[in-house]
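Notes for the structure review
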Amino acid sequence: MRSLIDLSRDDLVGLLAEWGYPAYRARQIHGWIFGQYVEASEQMTNLPEPLRRQLAEWGSVWPLEIADSRLSRSGDTLKVLFRLADGATIEAVLMLYDRRRTLCISSQAGCAMGCTFCATGLDGLTRNLTAGEIVGQVLALSRQLAQRRDLATDRARANGSRVTNVVFMGMGEPLHNYGPVRDAIGVLTSPEAYGLGARNLTVSTIGVVPAMRRLALEGLQLRLAVSLHAPHDHLRIQLVPPGKRWPIRDIMAAADEYVERTGRRVTYEYVMLDGVNDTLELGRQLGRVLRGRHCHVNLIPFNPIPGQPYRPTPDGRIRAFAKQVEASGVPVSVRVRRGVEMDAGCGQLSTRFKLESASVMLQADGEAP
């Protein structure tokens, strides 16, 4: 199904010109989409009624709909499951802080990378998302943030109700869907569209080296995060199979090039898995690999996945691991654990939704005559 947010500003102007409307109508439409987060062209009340009807007949405003959502007990984390026009599902997570409203979005339905501790990769890649499907997640959660009163946003609202930070860390490998992700970043940072600063966007990758180098050449002030998860290739390949193709030395070289061209510090993400990658010796090795680089390490407590063998590293061992890395002069932070009780880990809500849907279908089949 076609959607308005899949059109660039020039494409929208061209479409309206074909219908005999002036270019300023595109500005009005963008105001409704990116300022008011409307879901349907019928809600664009300053447009002529015939134009609203033509837009509705042409396609949708958003290329997705909310299929399910879970709110944390604290009210500061909202996870949403989206259904796309073809029935595929993706996830996004809104996390509220005092001054930031951070949204984690998906770039693909499923994922081809096969990381062994990630729920998204269990079923492989369904397909890439379009730029509109990526941007649509931001608009839909902006609407939720502006309208829902069950979100703990009193302090956040004092600084506005818009999403302030977007991270491409949801379902999929962003650099495996480079073109649409780059187009979505253009829309999100355009003053004529959503208007975020590039420094407020983070792109996470498992280390797709050619795309990392391509991103460095874009001249954008994005934050780059690399999912490392091990300090040497033998262990990393067990956790991140594409490590066979892109070894750590090549990832480090591409990340160093990104730092050189952009001046931005690279974040290395490290999921802490009990008894797997969390020994003090591995912490020392990680510190040696990253010593002297313009970087920062983000240790991530693991969100358990039903049926999977991995368990979270205890908090005390995470702190001890962090000290080993810091001893090499590398700054370390530990991500605040959020939404464990509402399937906040990437891919977990989608997996549960599919299982529950399959269960309903099986029950229906069993009741059929």
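Residues numbered from 1 in each chain as written. Predicted model: local features only at pLDDT ≥ 70, side-chain atom pairs only at ≥ 80, totals over all residues. Heavy atoms only, no water.

Now for the packing of aromatic side chains. A full pass over the atoms with the stated rule returns 2 aromatic pairs. Ring plane angle 40° and centroid distance 5.1 Å describe the contact between Tyr270 and Phe321, whose orientation is recorded as tilted. Of this pair, Tyr270 sits in strand β10 (residues 266-272) while Phe321 sits in helix α11 (residues 315-326), and the two are 51 residues apart along the sequence. Taken as a pair, Tyr270 and Phe321 share a single burial class, namely buried. (Phe/Tyr/Trp six-rings, centres within 6.5 Å; stacked < 30°, edge-to-face > 60°. Helix = DSSP H or I, 4+ residues; strand = E, 2+ residues; numbered from the N terminus. Buried < 20%, exposed > 50% of the residue type's maximum accessible area, 1.4 Å probe, protein only.)

Averaged over all residues, the pLDDT of the protein chain is 90; the fraction at 70 or higher stands at 89%. Below a pLDDT of 50 lies the segment residues 353-369, which in the model reaches 8 contacts outside its immediate sequence neighbourhood of four places, other chains included. (pLDDT = per-residue confidence, 0-100. Contact = heavy atoms within 4.5 Å.)

Inspection of the secondary structure assignment puts Tyr178 in helix α6 (residues 178-189). Placed 37 residues apart in sequence, Tyr178 and Leu215 show a C-alpha to C-alpha distance of 8.9 Å. Excluding residues that lie within four positions of it along the chain, Tyr178 makes contacts with Ala211, Arg214, Leu215 and Glu218. Within polar-contact distance, the side chain of Tyr178 engages the backbone nitrogen of Leu215 at 3.4 Å. Only 2.8 Å separates the side chain of Tyr178 from the side chain of Glu218, close enough to count as a polar contact. (Polar contact = N/O pair within 3.5 Å; in protein donor to acceptor, adjacent residues only side chain to side chain.)

In this model, the second largest pocket occupies a volume close to 230 Å³. Together, 16 residues line the second largest pocket, and Leu7, Ser8, Arg9, Asp183 and Val187 are the ones closest to its centre. Its residues assigned to classes, the lining of the second largest pocket shows 8 nonpolar, 4 polar and 4 charged. (1 Å grid on protein atoms, 1.4 Å probe; cavity = no way out; pocket = protein on both sides within 12 Å on 5 of 7 lines; lining within 4 Å. Points joined across faces, edges and corners; volume = space filled by probe spheres on them. Nonpolar A, V, L, I, M, F, W, Y, C, P; charged D, E, K, R; others polar.)

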